[in-house]
Amino acid sequence: MIPELGHFALVLALLLAAAQAVTTLAGAQLGERRGALLIAAGPPTAIGGAAFVGLSFGCLMWSYAVSDFSVANVVQNSHSLKPMLYKLTGTWGNHEGSMVLWILILGLCSAAVAWFGTNLPATLRARVLGVLGLISVGFLLFTILTSNPFERVWPIPDDGTDLNPLLQDPGLAFHPPFLYLGYVGTAVAFAFACAALIEGRVDAAWGRWVRPWTLAAWCALTLGIALGSWWAYYELGWGGFWFWDPVENASLMPWLLATALLHSAIVVEKREALKVWTILLAILTFSLSLLGTFLVRSGILNSVHAFANDPDRGVFILILLALTVGGSLTLFAWRAPALTPQGVFAPLSREGALVLNNLLFATLCAVVFVGTLYPLFADLVLGAKITVGPPFFNATTFPLFVPLMIAMAVGPLLPWKRADLWAALARLRLALAVVAVFAVVYIAAVDRALLPLLGFAVALWVVLAAATDLADRIKLGAAPFGESWRRLRGLPRGAIGGLIAHAAVGICVAGIAGKGIAPERITLLKPGETTTIAAYTIRFEGSSSVTGPNWTGTEGRLVVIRDGREIGALTPQRRVYPVARMNTTEAAIRTSGFADLYGVIGESTEEGATVVRLHFNPLAPWIWIGAVLMALGGVVSLSDRRLRVGVPTRRRAAVPVAAE
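Computed from a prediction, not measured in an experiment: that's the story for all the values here.

S.K.: Where do I start with the sheet that holds strand 1 (residues 520–525) in this structure?
M.R.: Strand pairing within a sheet occurs via backbone hydrogen bonds; the two strands may be parallel or antiparallel. Here 4 strands make up an open sheet; going across it, the order is 1-10-9-8 and the pairing antiparallel. Looking at strand neighbours, the two that pair on one side only are strand 1 and strand 8 (588–591), the edges of this open sheet. Sheet twist, expressed as the mean angle between neighbouring strand axes with direction ignored, is 20°. Here strand 8 runs beside strand 9 (residues 595–604); their pairing, made up of 4 bridges, is antiparallel. Paired with Arg590 across the two strands is Leu597, which belongs to strand 9. Where helix 9 (residues 204–235) meets the sheet, it contacts strand 8, strand 9 and strand 10 (610–618), and its direction lies at approximately 50° from that of strand 9.

Have a look at this one:
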């Protein structure tokens, strides 16, 4: 009965989403007076639709919690011996359940616009809700027609076939919800862009309204990508954090454009410039989110991250992608000429720095897009098998990344409209001196390899530039300490959040650069034998059998010795999941916060030796510390009251309005 209730709730949500789309768009077209009743119907239908999708998702989660093996989705992705955490998170650890989660987040976004958007003009909010309703209709139809999570199975099996063991992990349990919050959050910016195109106007108020939604989506997407990277680091056993896997790239591309959109919206708000470009960014960011959905579920990619291998589902999503992207770009081509730019600025200004920021982020995204999709295109059209891997991406993105970091440090120190570059660099002279001294010391004492040196230097430059910006804002050293403290306490949270996020980028880059000097050792060890890595001696003491709730395995013991003294042990595991018939590797990591000692065990030989893989990763924890701090900076900015209230009143004739 519960599964049928969940399925019925999805159907009701579809009807409400259709009503939400039709009534709001028709009401907005009629105008605020004649269409008042239709416009007023939008918020209740959006909130009601979200409630019904929430009910459906709750029914699916209940089916997993009680191990209802009459539901095919539960049979295929759960088992009675699985820990409760993974029973619950298994709700979205599969294609069908993940689509319900996607639709739930989309419904919550619509409800949030309906509930918190009371300060928006009635017609603009109606059009935003209308576009979100159309997107909901598409995904609800896809789920109900091709991916029903409540389909029954008969005869009812005694038990399930278990969830993919790689997904039975805390990192992957919470990675999809954050990632979907980011993906679906970009739909709100997309809806604002489409609504602005229909209205034919974009002004400072529009830029102020769209920024919080974009920032919230960016924070969630940042955390989602970080969780996925962290999982890959410790679960897959290869010692790395990013492999340029196509599905990894599918999440990176919308993040790059969302970052550009976030900065571009600032220019719209402050200077009423870059309107057309900002609208296009909003469209392309959500389009890339949909592309990621298509790649994961179409079956055209082989990846540990892929959910489904069903071409029929892929065709449906491809049609949905074509309608969404094609329709929005057609609307853009038709209405964009009506968006007359107003703000005028010199190339050398803060606006100019943000334009350069946007161009570099967009170019990075284009490089990743081509490298990810060209092999698929070549295989489909030319019949050629081409592999594009880390060497290509590292070689093509690094030359773009370095100037991006340099510009990111200088840009916040430039004034609006017109600036003096030398004056800004003069303010950074201490930072430049520190970076130069660091480079000399690094070459003399650590390593002469160019790429790690550039990485560390750029990371230090970004952090020091953020510190310089903060010192200038509070007049540190140029005013009495009490005055500086008063200025610090009075800084807007938006400014503080931006400083935290920029400094966090430097911290993250330092962690990535550390991988460039990380030693690795793969060897065969018998019990009692030792090997060395970095400043450590590792003694292998053998393996023993271990058992979990739904797995068995082997655990190795690696004693860590430094300066002749035992300081701890690593206990990596190899697990076997008999129901799923899969093996997994569980890395053991000893971290100091500044470096990771990383150990993995492999197969054993007939002579009793075991393959042992060791890594010493300097600053590796900073990769995820930096990512979390980036998201934290975004949250601090979101808490700024100016982003939630006090939206500037629209001027009636701010921008020419095209005839409707």
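S.K.: Just checking my understanding: could you explain helix 14 (residues 390–410) for this structure?
M.R.: The periodicity of an α-helix, 3.6 residues per turn, causes residues three or four places apart in sequence to face the same way. In this model helix 14 runs 30 Å from its N-terminal to its C-terminal C-alpha over 21 residues, within 8% of the 30 Å that 1.5 Å per residue would give. Its maximal kink placed at Phe398, helix 14 deviates by approximately 35°, while the proline Pro399 follows within four residues. Listed as buried for helix 14 are Phe393, Thr397, Leu400, Val402, Leu404, Met405, Ala407, Met408, Ala409 and Val410. Turning to helix 14, the residues buried within the fold contact helix 10 (246–271), helix 13 (350–382), helix 15 (421–427), helix 17 (450–473) and helix 19 (493–514).

S.K.: Looking at this model, I keep getting lost on the pairing of strand 7 (residues 582–586). Mind explaining?
M.R.: Where strand 6 (residues 573–577) and strand 7 come together, 5 bridges link them in antiparallel fashion. Directly across from Tyr577, in strand 7, lies its bridge partner Met582. The hairpin turn running from strand 6 into strand 7, its antiparallel successor, is 4 residues long, and Arg581 in that turn takes a positive phi close to 55°.

S.K.: Could you clarify how one ought to interpret the side chain of Ser147 in this entry?
M.R.: Position of Ser147 among the secondary structure elements: in the loop between helix 7 (122–146) and helix 8 (170–199). For Ser147, a relative accessible area of 1% gives the class buried. Only 3.1 Å separates the side chain of Ser147 from the side chain of Thr146, close enough to count as a polar contact. If sequence neighbours within four positions are ignored, Ser147 has contacts with His95, Glu96, Phe142 and Arg313.

S.K.: Please clarify how the environment of Ala72 should be interpreted in this entry.
M.R.: With respect to the helices, strands and loops of the structure, Ala72 is situated in helix 4 (residues 72–77). As a C-alpha pair, Ala72 and Gly130 span 58 residues in sequence and 34 Å in three-dimensional space. Not counting residues within four places of it along the chain, the set of residues in contact with Ala72 comprises Glu151, Arg152 and Val153.

S.K.: Would you mind going over the packing of aromatic side chains with me for this structure?
M.R.: Ring pairs (aromatic) are described by centroid distance and by the angle formed between their planes. Across all of its chains, the model carries 19 aromatic pairs by this definition. On the numbers, 6.2 Å between centres and 10° between planes, the contact of Phe57 with Trp92 is stacked. Taken together, the residues span a long stretch of sequence, with Phe57 in helix 3 (residues 42–65) and Trp92 in the loop between helix 5 (84–89) and helix 6 (95–116) at a distance of 35 residues. You'll find Phe57 and Trp92 in the same group, each marked buried. Among the aromatic residues, those joined into a cluster by ring pairs are Trp102, Phe139, Tyr180 and Tyr183. Positioned above the aromatic ring of Tyr536, the side-chain terminus of Arg562 is 5.1 Å from the ring centre. In this structure, Arg575 packs its charged tip against the face of Trp551, placed 3.9 Å from the ring centre.

S.K.: Where do I start with the packing of helix 14 against helix 19 in this structure?
M.R.: Two numbers describe a pair of packed helices, the interaxial angle and the distance between the axes. Interaxial distance between helix 14 and helix 19 falls to 11 Å at its minimum, and their mutual angle equals 145°. Crossing geometry of helix 14 relative to helix 19 is assigned as left-handed. Only His502, Val505 and Val509 of helix 19 make contact with helix 14, whose side of the interface consists of Phe401, Met405 and Met408. Partitioned by chemical class, the residues of the contact of helix 14 with helix 19 number 5 nonpolar, 1 polar and no charged.

S.K.: Please explain the nonpolar core as it appears in this structure.
M.R.: As a rule of thumb, nonpolar side chains are buried together in soluble globular proteins. Membership of the largest hydrophobic core comes to 149 residues, with the highest contact counts inside it found for Trp102, Phe192, Trp206, Trp255 and Ile279. Of all the elements, helix 8 adds the most residues to this core, at 15 residues. When residues no more than four places from it in sequence are discounted, the contact partners of Ile279 are Ala193, Ala196, Leu197, Val202, Trp206, Phe332 and Leu339. Core analysis: the next-biggest nonpolar cluster, separate from the first, contains 14 residues, Tyr536, Leu570, Ala595 and Phe616 among them.

Rules behind the numbers
- Residues numbered from 1 in each chain as written.
- Predicted model: local features only at pLDDT ≥ 70, side-chain atom pairs only at ≥ 80, totals over all residues.
- Heavy atoms only, no water.
- Pairing = 2+ DSSP bridges.
- Helix = DSSP H or I, 4+ residues; strand = E, 2+ residues; numbered from the N terminus.
- Axes fitted to C-alpha atoms, helices over the stretch in contact; angles between N-to-C directions.
- Contact = heavy atoms within 4.5 Å.
- Expected span 1.5 Å × (residues − 1).
- Bend = angle between axes of the 7 residues up to and from the residue.
- Buried < 20%, exposed > 50% of the residue type's maximum accessible area, 1.4 Å probe, protein only.
- Polar contact = N/O pair within 3.5 Å; in protein donor to acceptor, adjacent residues only side chain to side chain.
- Phe/Tyr/Trp six-rings, centres within 6.5 Å; stacked < 30°, edge-to-face > 60°.
- Lys NZ or Arg CZ within 6 Å of the ring centre and 35° of its normal.
- Left-handed = near helix turned anticlockwise from the far one by under 90°.
- Nonpolar A, V, L, I, M, F, W, Y, C, P; charged D, E, K, R; others polar.
- Core = buried A, V, L, I, M, F, W, Y, C linked by side-chain atoms within 4.5 Å.

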